Amino acid sequence: MRVPVPLAAEIALARAAGRLSRLAGAGGGTTVPGKLLWKLDPGAVDRLAARLPLGSALISATNGKTTTAAMAAEILGGRLRLAHNSSGANLVSGVASTLLDARGAELGLFEVDEAAFPEVTERLQPRAVCLGNLFRDQLDRYGELEYIAARWRAAVGALAGDAVLAVNGDDPQVGELAHARPDAVVFGVDDPACARPSLQHAADSKYCVRCGTPYEYAAAYVGHLGDYRCPACGHRRPALAVAARGIELHGLDAVTFRLETPVGAREVRLNVPGLYNVYNALAAAALAGLLGAALDEIASGLERFSAAFGRFERIAVGDRRVLMLLIKNPAGANEAVRTIVDGGAPSLAVVALNDAIADGRDVSWIWDVDFEPLIGGLARLVATGDRAAELALRFKYGGLEAEAIEVIPSLERALDRGLELTPAGGELVLLPTYTAMLALRKIVAARGFVRPYWERAA
Amino acid sequence: MKIVVGHLYPDYLNIYADRGNIAVLARRAAWRGHELDVRTVSVAEPVRPGEYDLLYVGGGQDREQALVAEDLAAKAEGVRAAVAAGAALLAVCGGYQLLGRSYRDFHGVDLPGIGLFPLETVAGETRMIGDVLLECELEPGVRRTLAGFENHAGRTRLDPGAEPLGRVVAGFGNDGESGWEGCRVGRAVGTYLHGPLLPRNPWFADWLLAQALAHRLGEPPELTPLGDDLEQQAHEVSARRAQTRGGRR
Ligand SMILES: [Zn+2]
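Values in this document were obtained by computation on a predicted structure and should not be read as measured data. (Residues numbered from 1 in each chain as written. Chains lettered and ligands numbered in written order. Predicted model: local features only at pLDDT ≥ 70, side-chain atom pairs only at ≥ 80, totals over all residues. Heavy atoms only, no water.)

**Some thoughts on the overall build of chain A**
Logical step 1: Scanning chain A for helices and strands turns up 17 helices and 17 strands.
Logical step 2: Relative to the compact-globule value of 23 Å for 458 residues, chain A shows a C-alpha radius of gyration of 22 Å, a close match.
Logical step 3: By principal-axis analysis of the C-alpha atoms, chain A measures approximately 65 × 60 × 40 Å.
Logical step 4: Out of the 458 residues in chain A, the part that is buried amounts to 60%.
Logical step 5: Nonlocal contacts in chain A, meaning residues at least 24 apart in sequence, comprise 69% of its contacts between residues at least 6 apart.
Logical step 6: A total of about 16500 Å² of accessible surface is found on chain A, and carbon and sulfur atoms cover 54% of it.
Logical step 7: For chain A, the centre of its 48 positive side-chain charges and the centre of its 52 negative side-chain charges are spaced 5 Å apart. (Helix = DSSP H or I, 4+ residues; strand = E, 2+ residues; numbered from the N terminus. Rg over C-alpha atoms; globule rule 2.2 N^0.38 Å. Buried < 20%, exposed > 50% of the residue type's maximum accessible area, 1.4 Å probe, protein only. Contact = heavy atoms within 4.5 Å. Areas by Shrake-Rupley, 256 points an atom, 1.4 Å probe, with all protein chains shown as cover. Lys, Arg positive; Asp, Glu negative; His and termini not counted. Charge placed at Lys NZ, Arg CZ, Asp CG, Glu CD.)

Structure, rendered in structure tokens:
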């Protein structure tokens, strides 16, 4: 029989475990205390969250949840003390760890793994939820897209009556969630001038969520996100309450757009590139608005935002720079590739493919990524990571000469080789999967060029 | 020589990077001076026997699979006649299931298959997910390995006497019990292995190309060997993965 332990004692024990793990150098110990607490007493997470005077807000999506949460934190953080899992530990244990660390926090702001979203929702009883998109991702771990979508529908259906919801109307599966909650805030992009000529190869939700007929797109923006309409039953993108119009992409430096909301419009300059970041900004703006932020606060918060951990980072390494963009699934990697090519196609890239659980053990997704625009400009590829050879094949069969490919499984040696091939003052493009990104940052940090993320997050 | 490929439902069945398999066939054909002419055969388009040297059917999620199942029934005769006349065929995962006799889903609903492969599939409660290694003997006395990844809820049972694609060395295979994986009928092969299958198993890509050419030439030709160092490395890593963390029977 379990002996009841007071919450305070559990918290103290779990925090001590976090300090020990950090001292032992085990990667920041960001989830160790939460895992321990969850083991001691799964209900402790619920009670910790219930102590937050302003409750919790959750953000979930296949792509962009870390960036969206970081943008929302930038908007809200000036006024409120936040409990925010900024290092991307987004399972129940990560949320628990963040709650343990956040003494005196007023509002919980959590990015949540899409598969963990139902459980976190049930435990935290959030007052606000923002749902961004569903793309195919790690089928070996998450199962099929439809399975996640069904669980999201159930979780949204079980939200408290006074909880508020923001959804991306440009994603058919996600936009449909607004149907059951007429007060939901729907956001999306409305600028056919920056639409793609056709759906990308790996577009997922191409078929009507109600009748299965292929959608017709008046505009497709990122993957299957866009202005869709079913020719058979008429199901279409819901009306947008928060929209981005007049979008201009400025290479790798910025993207500007007009943020239109029910309470007015603002011109916004985001200091991160790409149309996908406009979606992240819209999601953050819609959520912050629901949490009471004024339009000026939202616009200035978005303009202050620089980059979320590992998603798009420029790191000076000696007299060269590293430009690191995370790749983790076809839709996200397509945007990373497009962003890089739009900023001037590089002739050299280091691409890293690992197959740990957090990367997805099934590496077949790299064949669904449209690497071809990158391949067109490459004179040399350094393929690295545990599945370096498989990645090399993706580029070889994508049309890159075998002689232009170097396979160097060791991340550290591949990084050094990339830097050696980069002229002084130049920038090296690095596209790693999740665990490869963590390892590469650690290597660069060990050389004193970037602070470990657990220090930044603190 | 031109090799005509009929790619069935690429807009519905493409879940495990099936275009990787097509890219490998196209390049390896081109490096031998052949041209791969890939034609899409989607909903409401017939399979005309004789038109294709190779048919390809990929995998889909349950929803997409159900969307094409009905249409595939209308193509059944065309597919069976094409294979009977010597066309090669590769069907992966969902495509493999749909080309059997029947598929009973998790809710007990039967989807009729087209009966090309002598087998039946019944969905189980758990998915069989992981790296796989097979040993195959497509020609008597020539044993080679295939490395891939599987992710399926279906348990596929071959009819007595049916020829599997290979013996499971590591992983689950058709049903996690029998020790067999895939099915072969003449020049037609069905398998659960994706990854995709062909990049890291170049010998099998070449076997398929030779079978497709045999549809034209009568006999599978000898293909010029290619420099497959990268392919071999990828194969070895994948095979090792299966041996260390593939499913256990
Ligand atoms: Zn419809």
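**Digging into the domain arrangement of chain A**
Residues and elements named next belong to chain A.
Logical step 1: Each assigned domain of chain A is listed with its residue range as follows: domain 1 (7-304) and domain 2 (311-456).
Logical step 2: Each of domain 1 and domain 2 has a C-alpha centre, and the two are 26 Å apart.
Logical step 3: Across the contact, 31 residues belong to domain 1 and 30 residues belong to domain 2.
Logical step 4: Buried surface at the junction of domain 1 and domain 2, summed over both partners, amounts to about 2400 Å²; 52% is from carbon and sulfur atoms.
Logical step 5: Arg 314 is the salt-bridge partner of Asp 253, the closest N and O atoms lying 3.7 Å from each other.
Logical step 6: For the pair domain 1 and domain 2, the number of links is three residue pairs in polar contact (both at pLDDT 80 or more).
Logical step 7: Of all elements in the fold, only helix H4 (65-76), helix H7 (139-142) and strand E7 (216-222) reach the threshold of two or more residues within the side of domain 1 that touches domain 2.
Logical step 8: By residue number, the principal contributor to the side of domain 1 that touches domain 2 is H4, which donates three residues.
Logical step 9: Grouping the constituent residues of the side of domain 1 that touches domain 2 by class yields eight nonpolar, 15 polar and eight charged. (Domains from an automatic or database assignment. Buried area = accessible area lost by both parts, 1.4 Å probe. Salt bridge = Lys/Arg side-chain N within 4 Å of Asp/Glu carboxyl O. Polar contact = N/O pair within 3.5 Å; in protein donor to acceptor, adjacent residues only side chain to side chain. Nonpolar A, V, L, I, M, F, W, Y, C, P; charged D, E, K, R; others polar.)

**Section: the packing of helix H3 (residues 43-50) of chain A against helix H5 (residues 92-101) of chain A**
Residues and elements named next belong to chain A.
Logical step 1: Two numbers describe how H3 lies on H5: the axes approach to 10 Å, and their chain directions differ by 45°. It follows from the interaxial angle that H3 and H5 lie oblique. Read as a crossing pair, H3 and H5 show a hand that is left-handed. On H5, the residues that touch Val 45, Leu 48 and Ala 49 of H3 are Val 92, Ala 96, Leu 99 and Leu 100.
Logical step 2: Across the contact of H3 with H5, the residue classes tally to seven nonpolar, no polar and no charged. (Axes fitted to C-alpha atoms, helices over the stretch in contact; angles between N-to-C directions. Parallel < 35°, antiparallel > 145°, perpendicular 65-115°, else oblique. Left-handed = near helix turned anticlockwise from the far one by under 90°.)

**Observations concerning the interface of chain B and chain A**
Logical step 1: Counting residues at the interface gives 39 residues for chain B, matched by 36 residues for chain A.
Logical step 2: For the pair chain B and chain A, the summed buried area comes to about 3300 Å², and 50% of that belongs to carbon and sulfur atoms.
Logical step 3: Ranking the residues of chain B by area buried against chain A places Arg 19, Arg 63 and Leu 230 of chain B at the top, with a combined share of 21%.
Logical step 4: There are five salt bridges connecting chain B and chain A.
Logical step 5: The shortest N-O distance in the salt bridge between Arg 241 of chain B and Asp 355 of chain A comes to 2.7 Å.
Logical step 6: At the boundary of chain B and chain A, one finds 16 residue pairs in polar contact (both at pLDDT 80 or more).
Logical step 7: For the side of chain B that touches chain A, the secondary-structure elements that each account for two or more residues are helix H1 (18-30), helix H2 (62-84), strand E7 (119-139), strand E8 (142-158) and helix H5 (229-245) of chain B.

**Considering the coordination of the zinc ion**
Any two of four tetrahedral donors ideally make an angle of 109.5 degrees at the metal, while pairs among six octahedral donors ideally make 90 or 180 degrees.
All names here are of chain A.
Logical step 1: Of the protein atoms, only Cys 208 (SG), Cys 211 (SG), Cys 230 (SG) and Cys 233 (SG) coordinate the zinc ion, at distances of 2.3 Å.
Logical step 2: With four donor atoms in place around the zinc ion and angles of 100 to 118° between them, the coordination shape is tetrahedral.
Logical step 3: Every donor residue of the zinc ion comes from the same chain, spaced as C-x2-C-x18-C-x2-C.
Logical step 4: Looking at Cys 208, the relative accessible area reads 0%, which means it is buried. (Donors = N, O, S within 2.8 Å, 3.2 Å for Na, K, Ca; no water. Tetrahedral: all angles 85-135°; square planar, octahedral: opposite > 155°, others 65-115°.)

**Description of the pattern of salt bridges**
All names here are of chain A.
Logical step 1: One pass over the full model with this rule turns up 55 salt bridges over all chains.
Logical step 2: Note that Glu 297 is salt-bridged to Arg 79, the shortest N-O span being 2.8 Å. Residue Glu 297 is located in helix H11 (residues 295-304), and its partner Arg 79 is located in the loop between H4 and strand E2 (82-84); the two are separated by 218 residues in the primary sequence.
Logical step 3: For Glu 297, a relative accessible area of 23% puts it in the partly exposed group.
Logical step 4: Residue Arg 237 is joined to Asp 227 by a salt bridge in which the shortest nitrogen-to-oxygen separation is 3.6 Å. Taken together, the positions of Arg 237 in the loop between strand E8 (225-229) and strand E9 (242-250) and Asp 227 in strand E8 put the pair 10 residues apart, joining distant regions of the chain.

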